[in-house]
Amino acid sequence: MIKIENVSKNFRRHKAIKGFTCELDKGCYGLLGPNGPGKTPLLRCILGLYPVSEGVVSLQKGEQIGYLPQRFGMFHELKVKEMMYYFAAAKKVSKEKREAEIERVLADVNLSEKAEEKVGHLSGGMQRRLGIAQAILGDPDILFLDEPTTGLDPEERSHFKEIIRKLAKDDKIIVISTHIVQEVEAVCDRVLIMKDGTLLENVTVEEACHFAGDDNATLEQGYLQRLKEA
């Protein structure tokens, strides 16, 4: 479980996060909001990459975390498999399991045939898939994905959804930060709606649809209505 208690984050005079409080248990969460509401700073505060200005973030001891940042730097001169070995070592995947684990995650993101290619020769979409592969390497208990489908074509987006559906069955906490409503509706159990650094709602996807006041409303209609009311 992740407990986020009254967390705020200031950057000089700008308050990116304002009194954010919620608990995240097993399940898939969509952190949804327009560009610039503080989604990325929130993830980085949870991960300990940013010190919080106020409040407390608590994670269960010993839980492994996978993270795909919005901008993921790569070693372009390395081959795909070499780079994955680097991340496997950094994540302390045992030497006996590294080969099989790397083959597993490359297969999950449909990059097995690119294992011997240099990272710099991959397309932007393939590099994004490789970023997802390193995030799920080692089978983490908690997974944070920040705008994970940036640069992916429709077929790759569909494949990404299948990966998340599969991971969600393994009792993990998965948080997908995005501004693409359809992705949340397709794979998430709950939605965290943010605006201007504030948490507006932590509800099921079905409950969020009802914000539009129509039993047949989509998540996008409910989400836009909630933003309008805030």
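Residues numbered from 1 in each chain as written. Predicted model: local features only at pLDDT ≥ 70, side-chain atom pairs only at ≥ 80, totals over all residues. Heavy atoms only, no water.

A. Representation of the packing of aromatic side chains within the structure. Here the structure, examined in full by the defined rule, presents four aromatic pairs. Seen in terms of ring centroids, phenylalanine 11 and tyrosine 50 are 5.4 Å apart; in terms of plane orientation they differ by 75°. Their pairing is edge-to-face. Pair noted here: phenylalanine 11 is in strand β1 (residues 2–11) and tyrosine 50 is in the loop between α1 (39–47) and β4 (54–59), with a separation of 39 residues, a long-range link. Note on phenylalanine 72 and phenylalanine 87: the rings are 5.7 Å apart at their centroids and 35° apart in plane angle, and the pair reads as tilted. Here the residue phenylalanine 72 occupies a position in the loop between β5 (65–68) and α2 (80–90), and phenylalanine 87 occupies one in helix α2, the gap between them amounting to 15 residues. On the accessibility criterion, phenylalanine 87 (13% relative accessible area) is buried. (Phe/Tyr/Trp six-rings, centres within 6.5 Å; stacked < 30°, edge-to-face > 60°. Helix = DSSP H or I, 4+ residues; strand = E, 2+ residues; numbered from the N terminus. Buried < 20%, exposed > 50% of the residue type's maximum accessible area, 1.4 Å probe, protein only.)

B. Highlighting the nonpolar core. Formed by 49 residues in total, the largest nonpolar core has its most connected members in Leu130 and Ile176. Top element by residues in this core is helix α4 (residues 124–136). It accounts for six residues. Ignoring sequence-local partners within four residues, the contact set of leucine 130 consists of Met74, Val80, Met83, Met84, Leu106, Leu111, Val119 and Leu122. By size, the runner-up hydrophobic cluster in this structure holds 22 residues, among which are Ile2, Cys22, Ile173 and Val175. (Core = buried A, V, L, I, M, F, W, Y, C linked by side-chain atoms within 4.5 Å. Contact = heavy atoms within 4.5 Å.)

C. Here's a closer look at the state of the cysteines. Scanning the entire structure with this criterion turns up zero disulfides. No disulfide involves cysteine 45; its sulfur sits 13 Å from that of cysteine 22, the nearest cysteine. Free cysteine: cysteine 188, not disulfide-bonded; nearest cysteine sulfur from cysteine 28 at 3.7 Å. Judged by its relative accessible area of 9%, cysteine 188 falls in the buried class. (Disulfide = S-S within 2.5 Å.)

D. Geometry of unusual backbone geometry. Positive phi is not limited to glycine here, since arginine 12 has a value of about 55°. Looking at the secondary structure, you find arginine 12 in the loop between β1 and β2 (14–24). We classify arginine 12 as exposed; its relative accessible area is 86%. A positive phi is found at aspartate 139, a non-glycine position, where the angle reads about 55°.

E. The environment of leucine 42, seen in detail. Along the chain, the position of leucine 42 falls in helix α1. Residues leucine 42 and alanine 16, spaced 26 residues apart in sequence, show a C-alpha to C-alpha distance of 8.4 Å. When near neighbours in sequence (up to four residues on either side) are disregarded, leucine 42 contacts Ile17, Phe20, Leu31 and Met194.

F. Inspection of the pattern of salt bridges at higher detail. For the coordinates displayed, the defined rule picks out 12 salt bridges. Here arginine 104 makes a salt bridge to glutamate 101, at a shortest N to O gap of 2.6 Å. Pair noted here: arginine 104 and glutamate 101 are both in helix α3 (residues 95–108), with a separation of three residues, about one helical turn. Here arginine 104 falls in the partly exposed class, since its relative accessible area comes to 30%. For arginine 165, the salt bridge is made with glutamate 162, and the minimal N-O distance between the two is 2.6 Å. (Salt bridge = Lys/Arg side-chain N within 4 Å of Asp/Glu carboxyl O.)

G. Looking closely at the environment of glutamine 221. In this fold, glutamine 221 is placed in helix α8 (residues 219–229). With relative accessibility at 43%, the residue glutamine 221 sits in the partly exposed group. C-alpha separation for the pair glutamine 221 and threonine 178, spaced 43 residues apart in sequence, amounts to 16 Å. Not counting chain neighbours up to four residues away, the residues in contact with glutamine 221 comprise Ala212 and Asn216. Separated by 2.8 Å, the side chain of glutamine 221 and the backbone nitrogen of threonine 218 make a polar contact. (Polar contact = N/O pair within 3.5 Å; in protein donor to acceptor, adjacent residues only side chain to side chain.)

H. Summary view of the side chain of threonine 40. Tracing the backbone shows threonine 40 in helix α1. You can call threonine 40 buried: its relative accessible area is 15%. Engagement of the side chain of threonine 40 in a polar contact is seen with the side chain of aspartate 146, the distance being 2.7 Å. When sequence neighbours within four positions are dropped, the list of residues in contact with threonine 40 reads Gln70 and Asp146.

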